[in-house]
Amino acid sequence: MKKWLLILGIITCMAGLTACGQQGQDSADLMKTEDVINYTNALITDFNQVIEQNQEESFIAMMGQGGWTAAMMEDAFDSYKSASEDMGDYVEIIEVVENSMTGITIDNKTYPVEGKFEVRIKGTRHNAKVEIVYEDDVPVSISTNVEYTLAENMEKAALNTLLGMGTVFVVLILISLIISAFGLISKVQKSQKKPEEEKKVDKVVSQIVEKEELSDDLELVAVISAAIAAYEGSGSTDGFVVRSIRKYRK
């Protein structure tokens, strides 16, 4: 309960920060390292408490009342929550890596105004960096990035490479199988069509032999050749030569 009252007090101060202007201001220089650490520690403690109590929606709504946009706050919370899965439990702040944040002091409390600072924090499994950016007294970005070792980064890169290459090979194999299936379908269709064509040719020839009573073999050859040419659709008998005629017996 006391924690939520503290948050509400911070929100109230932030809401009146713009209206206060220069009134009650002691300093507008860069924030001191101690102030950066205290601010970051309070923010991370709030995030952890919200995660434990599962009060993300109410927390974001409360911070929105202090001038923080809901979208920015939601992104900030999701970034920390996602990082905490690999970071583990929060232990302490290690150091301030970068500080270009100007601050304003009201009632002996310093608040960020403009700029950026980055703080390295310690977790039970991994360290992480928290980066906070302010513009015109309002935070525009709060992100948390886990620091992995070189071996861990190489392992992730290798897994991503294998996954990408594996996906490509699987797709290529599927395409190859589909193309092979087209070839098999074509062969099956041709194998089914060939006997039917042979039967049609035999039927035409047999009908000619049965119906036409021709005494001259040359006449018979000419008729059969014309029938074959007409069936093939060539319109000419130049493509083949009939050397012999034998009666087919079933």
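Cut-off values and rules
Residues numbered from 1 in each chain as written. Predicted model: local features only at pLDDT ≥ 70, side-chain atom pairs only at ≥ 80, totals over all residues. Heavy atoms only, no water. Core = buried A, V, L, I, M, F, W, Y, C linked by side-chain atoms within 4.5 Å. Buried < 20%, exposed > 50% of the residue type's maximum accessible area, 1.4 Å probe, protein only. Helix = DSSP H or I, 4+ residues; strand = E, 2+ residues; numbered from the N terminus. Axes fitted to C-alpha atoms, helices over the stretch in contact; angles between N-to-C directions. Parallel < 35°, antiparallel > 145°, perpendicular 65-115°, else oblique. Contact = heavy atoms within 4.5 Å. Nonpolar A, V, L, I, M, F, W, Y, C, P; charged D, E, K, R; others polar. Expected span 1.5 Å × (residues − 1). Arc of directions from axis to C-beta.

Q: Even after reading the chapter, I still don't get the nonpolar core, so can you show me in this structure?
A: Proteins that are soluble and globular tend to have nonpolar side chains buried together. Of all hydrophobic cores here, the largest spans 28 residues; its most connected members are Phe47, Trp68, Met73, Phe117, Ile121, Ile132 and Ile142. Counting only elements with at least two residues in this core, the list comes to α3 (33-53), α4 (56-64), α5 (70-87), β1 (90-99), β3 (109-123) and β4 (127-135).

Q: Help me understand the side chain of Thr105, please; the structure alone is not making it clear to me.
A: Within the element layout of this structure, Thr105 appears in strand β2 (residues 102-106). Among the residues examined, Thr105 registers a relative accessible area of 11% and is labelled buried.

Q: It is not clear to me how the packing of α3 against α5 should be interpreted in this structure. Could you clarify?
A: Pairs of packed helices are described in terms of their axes, by the angle between the two and the distance that separates them. Remark: α3 packs on α5, axes separated minimally by 11 Å, with the N-to-C direction vectors making an angle of 80°. What the angle tells us is that α3 and α5 run roughly perpendicular. Across the interface between the two elements, Ile44, Phe47, Asn48, Val50 and Ile51 from α3 touch Met73, Ala76, Phe77, Tyr80, Lys81 and Ser84 from α5. Tallied by class, the residues present in the contact of α3 with α5 amount to 8 nonpolar, 2 polar and 1 charged.

Q: I would appreciate a short explanation of α5 in the present structure.
A: For an α-helix, the turn length of 3.6 residues means that residues three or four places apart are oriented alike. With 18 residues, α5 should reach 26 Å at 1.5 Å per residue; the first-to-last C-alpha distance of 25 Å fits that figure. Listed as buried for α5 are Met72, Met73, Ala76, Phe77, Ser79, Tyr80, Ala83, Ser84 and Met87. Down the axis of α5, the buried side of the element spans an arc of 160°, and every buried residue falls inside it. Within α5, the exposed residues directed more than 90 degrees away from the buried face are Ala71, Asp75 and Glu85. Trailing α5 by a residue or two, Gly88 shows a phi angle of about 90°, which is positive.

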